Amino acid sequence: MRKPLVLLLALALFACTPKERFIRIDGMAQGGVYCVKIGLDGVKMAPAEIRDSISSILFYIDTTLSGYNQASQLARFNRGESIRPNALFKDMYHEARRWFILSEGALDFAAGPLFDAWGFGFREGRFPSDSEVDAIRSSCGMGLLPAELPIGPDGSLDPADMGFPRLNYNAIAQGYSCDLVAAFLYRIGVKDMLVDIGEIWCDGINPDGKPWAVGVDRPFDRPTDGSDVPGNELDGIWVSSGMGNGVVTSGNYRKYYFDENGNKISHTIDPRSGRPVNHSLLSATIVSSESACEADAMATWCMVVGKEEASRIILSTPTVEGYLISSAPDGGMEEWPSPGFTLRQ
């Protein structure tokens with residue numbers, strides 16, 4: 001389970017290219033590690049100040065949107081407490097509704113009770129019956145929530161005014177966090193960057209003077225020794241063109257369990273049916289020139305709808321490229337890259 005943000009930061013100078021100096025900032029965020037690599041050419045802010053600013057941004061996100069930090073605005077709201085939502089809380093709600101509408105309900109950020117029921121949310125779950133699933137579906141979801149948060153004259157938001165919903169932004173929170181950090185870096189003049197907070201935003205060149213490259217994990221049906229460690233087995237390497245891109249991979253091959261009959265229960269839940277997905281798509285890697293949030297949302301969307309619908313979504317969205325890996329009937333794997341997806345083997 002992810003843990004709240006812990007402010008453990010490291011700052012190091014890289015070996016430099018002839019033109020730029022790079023720094024690397026590491027720490028803990030959103031229950032995992034993060035790494036930010038920054039070219040300092042043309043940047044006047046001191047490295048320590050950059051580090052502290054990134055820490056402040058991530059702390060703001062954690063104390064607002066973390067579902068695991070029990071003191072966050074989101075956790076308190078989900079417990080039924082009245083809060084005074086800050087600008088970040090409001091913006092994330094609007095972003096979630098936008099993706100709920102775009103995906104026609106495939107992305108539902110108020111379907112937390114469904115994930116809990118299947119054991120993949122913030123609480124321990126068990127195998128729910130069909131009637132239990134149907135009852136949960138009828139009582140939760142963004143379709144039941146207002147387009148605007150019903151904030152009172154005093155600036156407070158009472159969950160009771162929305163039917164006590166439970167919100168969960170896991171499908172976009174890390175991508176959204178990357179975008180907030182990247183926006184700060186652009187404001188101070190950074191041109192070359194890699195922001196990795198579980199999901200990635202990169203732009204420009206790396207410390208070796210080359211475009212950024214990101215490994216695409218090879219999925220598995222059942223883990224073997226080391227295969228469930230990110231980066232240990234790669235299907236290939238995506239290579240940047242030097243332009244800004246969000247890069248996100250979503251899959252159902254790490255978080256799952258088997259029922260008593262040996263059937264695989266994926267952590268990817270289709271909120272429209274209320275049940276784990278049952279299709280051949282193992283992973284979806286999305287590259288977005290728009291934002292890491294878009295890449296994050298679309299990768300999850302693809303994993304909900306499956307290979308055929310995912311490929312149509314990717315091809316119809318001009319700001320994204322995608323790479324889908326599916327299980328084949330013969331027991332192997334099938335890869336599908338969109339025309340502009342650059343993968344080096």
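Parameters at a glance
Residues numbered from 1 in each chain as written. Predicted model: local features only at pLDDT ≥ 70, side-chain atom pairs only at ≥ 80, totals over all residues. Heavy atoms only, no water. Helix = DSSP H or I, 4+ residues; strand = E, 2+ residues; numbered from the N terminus. Buried < 20%, exposed > 50% of the residue type's maximum accessible area, 1.4 Å probe, protein only. Contact = heavy atoms within 4.5 Å. Areas by Shrake-Rupley, 256 points an atom, 1.4 Å probe, with all protein chains shown as cover. Core = buried A, V, L, I, M, F, W, Y, C linked by side-chain atoms within 4.5 Å. Pairing = 2+ DSSP bridges. Axes fitted to C-alpha atoms, helices over the stretch in contact; angles between N-to-C directions. Parallel < 35°, antiparallel > 145°, perpendicular 65-115°, else oblique. Nonpolar A, V, L, I, M, F, W, Y, C, P; charged D, E, K, R; others polar. Disulfide = S-S within 2.5 Å. Polar contact = N/O pair within 3.5 Å; in protein donor to acceptor, adjacent residues only side chain to side chain. Left-handed = near helix turned anticlockwise from the far one by under 90°. Expected span 1.5 Å × (residues − 1). Salt bridge = Lys/Arg side-chain N within 4 Å of Asp/Glu carboxyl O.

Undergrad: Honestly, the overall build of the protein in this entry has me stumped. Any pointers?
TA: Counting its secondary structure elements, the protein contains 8 helices and 16 strands. A burial count over the protein gives 50% of its 345 residues as buried. Sequence separation of 24 or more characterises 62% of the internal contacts of the protein that already satisfy a separation of 6 or more. Accessible area for the protein stands at about 15,800 Å²; split by element, carbon and sulfur atoms hold 52% of it.

Undergrad: Before we go on, may I ask you to explain the nonpolar core in this structure?
TA: Nonpolar side chains in soluble globular proteins generally cluster together in the buried interior. Of all hydrophobic cores here, the largest spans 70 residues; its most connected members are Ile38, Ile50, Ile54, Tyr169 and Leu185. In terms of residue count, helix 7 (residues 292–305) provides more of this core than any other element does, 11 residues in total. Apart from the residues lying within four places of it in its own chain, the contact partners of Ile50 are Ile23, Ile25, Ile38, Leu40, Val43, Met45, Phe184, Leu185 and Ile188. Counting 13 residues, the second-largest nonpolar core is a separate cluster that includes Phe22, Val214, Trp238 and Phe341.

Undergrad: Can you walk me through the environment of Ala328 in this structure?
TA: Assignment of secondary structure puts Ala328 in the loop between strand 14 (320–327) and strand 15 (333–337). The class for Ala328 is buried, based on a relative accessible area of 14%. Separated by 48 residues in sequence, Ala328 and Ser280 have C-alpha atoms that sit 7.4 Å apart. With residues near it in sequence (within four places) discarded, Ala328 still touches Met333 and Glu334.

Undergrad: Looking at this model, I keep getting lost on the sheet that holds strand 16 (residues 343–344). Mind explaining?
TA: Through backbone hydrogen bonds, the strands of a sheet pair up, either in parallel or in antiparallel fashion. In space, the 3 strands of this open sheet follow the order 6-7-16, with antiparallel pairing throughout. The open sheet has two free edges, formed respectively by strand 6 (213–217) and strand 16, since each of these has just one partner strand. Of the pairings in the sheet, the one linking strand 6 to strand 7 (residues 234–239) comprises 5 bridges and is antiparallel in character. Bridge pairing in strand 7 links Gly215 to Ile237.

Undergrad: What's the story with the packing of helix 6 (residues 173–187) against helix 7 in this structure? I'm lost.
TA: Describing two packed helices takes the angle between their axes plus the distance from one axis to the other. Across the interface, helix 6 lies against helix 7 with an axial gap of 7 Å and an inter-helix angle of 170°. When the axes of helix 6 and helix 7 are compared, the pair comes out roughly antiparallel. Across the interface between the two elements, Ala173, Gln174, Gly175, Tyr176, Cys178 and Asp179 from helix 6 touch Ala292, Cys293 and Asp296 from helix 7. A class-by-class count of the residues in the contact of helix 6 with helix 7 yields 5 nonpolar, 2 polar and 2 charged.

Undergrad: I keep staring at the state of the cysteines and nothing clicks. Help me out?
TA: By definition, a disulfide links the sulfur atoms of two cysteines through a covalent bond. Per the stated rule, a full pass over the model turns up 0 disulfides. Sulfur of Cys178: no disulfide; nearest cysteine sulfur belongs to Cys293 and is 9.9 Å away.

Undergrad: It is not clear to me how the side chain of Ser311 should be interpreted in this structure. Could you clarify?
TA: Tracing the sequence through the fold places Ser311 in helix 8 (residues 307–315). A relative accessible area of 15% means that Ser311 is categorised as buried. Within the structure, Ser311 has its side chain in polar contact with the backbone oxygen of Glu308 (distance 2.8 Å). Not counting chain neighbours up to four residues away, the residues in contact with Ser311 comprise Leu324 and Trp336.

Undergrad: What's the story with the packing of helix 3 (residues 87–102) against helix 6 in this structure? I'm lost.
TA: At a closest axis distance of 12 Å, the pairing of helix 3 and helix 6 adopts a crossing angle of 125°. Classified by the angle their axes make, helix 3 and helix 6 are oblique. Crossing angle aside, the handedness with which helix 3 passes helix 6 is right-handed. Between helix 3, through Leu88, Asp91 and Met92, and helix 6, the contact on the second element is made entirely by Ala173, Tyr176 and Leu180. Of the residues assigned to the contact of helix 3 with helix 6, the class counts are 5 nonpolar, no polar and 1 charged.

Undergrad: I tried to follow helix 7 on my own but got confused; where do I start?
TA: An α-helical turn contains 3.6 residues, so any two residues separated by three or four positions project in the same direction. The terminal C-alpha atoms of helix 7, which comprises 14 residues, lie 20 Å apart, in line with the 20 Å expected from a rise of 1.5 Å per residue. The buried fraction of helix 7 is high, at 13 of 14 residues. Positioned one or two residues after helix 7, Gly306 has a phi angle of 95°, which is positive.

Undergrad: Explanation requested: the pairing of strand 7 in the structure shown.
TA: Moving residue by residue along a regular strand, the side chains alternate between the two faces of the sheet. Bridge count between strand 7 and strand 16: 2 bridges; the pairing is antiparallel. Bridging across to strand 16, Trp238 finds its partner in Leu343.

Undergrad: What is the right way to read the pattern of salt bridges from this model?
TA: Pairs can form between side chains of opposite charge once their charged atoms are near each other. Scanning the model with the defined rule gives 14 salt bridges in all. Between Arg275 and Asp130 there is a salt bridge, with the nearest N and O atoms lying 3.5 Å from each other. Placement of the pair is Arg275 in strand 12 (residues 275–276) and Asp130 in helix 5 (residues 130–139), with a sequence separation of 145 residues. Judged by relative accessible area, Arg275 falls into the partly exposed class, the value being 24%. The partner of Asp270 in a salt bridge is Arg272, with the nearest N and O atoms 2.9 Å apart. Using a relative accessible area of 11% as the deciding quantity, one classes Asp270 as buried. Overlapping salt bridges, with partners in common, bring together Arg76, Arg79 and Glu81 in one network.

Any functional reading would require information beyond the geometric quantities listed.
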